[in-house]
Structure formats: structure tokens, C-alpha cells
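# Structure at a glance
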Amino acid sequence: MKRLLEVQKEIGTLSKSAKNPFFKSQYLDLTTLIEHVTPLLNAQGLVLLQPLSGDAVTSAIVDGETGDTIASSTLTLPNITDPQKLGSAITYFRRYTLKSLLAIAEVDDDGNLASKVSAEDKIKACKTLKELQTVYTSLSKADQLKHVALKDELKLKLK
């Protein structure tokens, strides 16, 4: 574990260099991640393996001399039959098992997007005019412009 600790000390901050146009976000892509950590692992006599086994993706750090597994992280793949979607899932799982295994911190964009309440939902949840005013004025100017009709419609209902 001491060698793995040395690798973790050297990892540093990795920047999100890839763009996801669908979610308009950036992420740390698998190629950049592997290019960064592999030399650090190899310098400590450690090897990164990411085999597919059955319906699972594993990232494993293996001692280059003994072949002993130092640490590993596994995720089970979803049941996907489309080869392109399966390839994307494998890449995604390889990235996340490796990040998990080496405790690489990254802002949780996916989690934040999934748990964020939309401006529309905030407006629709209003039960009083005062609450509507508070919610609407707390929105960004862009969201206010986007949802002005919804606000006005709800305002008439709440009167």
C-alpha cells in the first residue's frame, strides 16, 4: 500500500479536458486519466489492468513483480444490447472505477445536474403569490426570461 500512497501523492489535480455537448459540461476523459496515472503507477512497479469479466468492469492495481492485486474496484454493467451504447458504458465504467480506486477527486457535475431542481419546477411548486415572487426573483435573468409566461400564468391562478 505504501507504493499506492506514493502514487496518490503524485496524482495532483487533473483538469477536465473533454466536453460533453449534450449536458454542456466538461469531464476528465479516460485517455487523459490513463495517460496521467499509468507512468506514476509504473514508476512504483505497479500495473493498471482494466479487464472485462462477464458483465463487470474492473480496475485493478497489480504488483508488477508478484502479480498480486494491491487494490481493485468493480462495477456491474447494465444489460445493454446495442454495441455502441455498451462501448460507451464500458468506457464510462472504466473511468469511474479508476477514479474511485485512486480516490481522484472531481466535481460531481453528473450528480449536481441530476439532483438540481429546475427553474420550472421551482415556479410550479409555489403555493402563494409571495412564494412565487421570492422564487422568481431568485432565478437568473435568463431563467426569468425563459419562464415569464409560466410565472404570469401561475400568478393569475394564485390571485
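All figures in this text were calculated on a predicted structure; none of them were measured in a lab. (Residues numbered from 1 in each chain as written. Predicted model: local features only at pLDDT ≥ 70, side-chain atom pairs only at ≥ 80, totals over all residues. Heavy atoms only, no water.)

### With respect to the packing of helix 2 (residues 30–43) against helix 3 (residues 83–101)
- Put simply, helix 2 and helix 3 touch, their axes get as near as 10 Å, and they point 35° apart. In the packing of helix 2 onto helix 3, the handedness of the crossing is left-handed. Contacts between helix 2 and helix 3 involve Leu30, Leu33, Ile34 and Val37 from the former and Thr91, Arg94, Arg95, Leu98 and Lys99 from the latter.
- A breakdown of the residues in the contact of helix 2 with helix 3 according to their chemical character gives 5 nonpolar, 1 polar and 3 charged. (Axes fitted to C-alpha atoms, helices over the stretch in contact; angles between N-to-C directions. Helix = DSSP H or I, 4+ residues; strand = E, 2+ residues; numbered from the N terminus. Left-handed = near helix turned anticlockwise from the far one by under 90°. Contact = heavy atoms within 4.5 Å. Nonpolar A, V, L, I, M, F, W, Y, C, P; charged D, E, K, R; others polar.)

### Topic: the environment of Gln144
- The residue Gln144 is located in helix 7 (residues 141–146) in this model.
- Taking the C-alpha atoms as reference points, Gln144 and Ala119, 25 residues apart in sequence, are found 8.5 Å from one another.
- Not counting residues up to four positions away in its chain, the partners in contact with Gln144 are Tyr136, Thr137 and Leu139.

### Let's talk about the packing of helix 1 (residues 2–11) against helix 2
- Put simply, helix 1 and helix 2 touch, their axes get as near as 9 Å, and they point 140° apart. The angle between helix 1 and helix 2 places the two elements in the oblique class. In the packing of helix 1 onto helix 2, the handedness of the crossing is right-handed. Here Leu4, Val7, Glu10 and Ile11 of helix 1 lie close against helix 2, whose contacting residues are His36, Val37, Leu40 and Leu41.
- Here the residues of the contact of helix 1 with helix 2 are counted per class, giving 6 nonpolar, 1 polar and 1 charged. (Parallel < 35°, antiparallel > 145°, perpendicular 65-115°, else oblique.)

### Some thoughts on the nonpolar core
- Membership of the largest hydrophobic core comes to 15 residues, with the highest contact counts inside it found for Val37, Leu41, Ile61, Leu102 and Ile104.
- Listing elements by their share of this core, those giving two or more residues are helix 1, helix 2, strand 3 (46–49) and helix 3.
- Every residue in contact with Leu102, bar those within four places of it in the chain, is listed here: Leu4, Gln8, Ile11, Val37 and Ile61. (Core = buried A, V, L, I, M, F, W, Y, C linked by side-chain atoms within 4.5 Å. Buried < 20%, exposed > 50% of the residue type's maximum accessible area, 1.4 Å probe, protein only.)

### Describing unusual backbone geometry
- Phi is positive for Ala103, which is not a glycine, with a value near 55°.
- Structurally, Ala103 is set in the loop between helix 3 and helix 4 (109–115).

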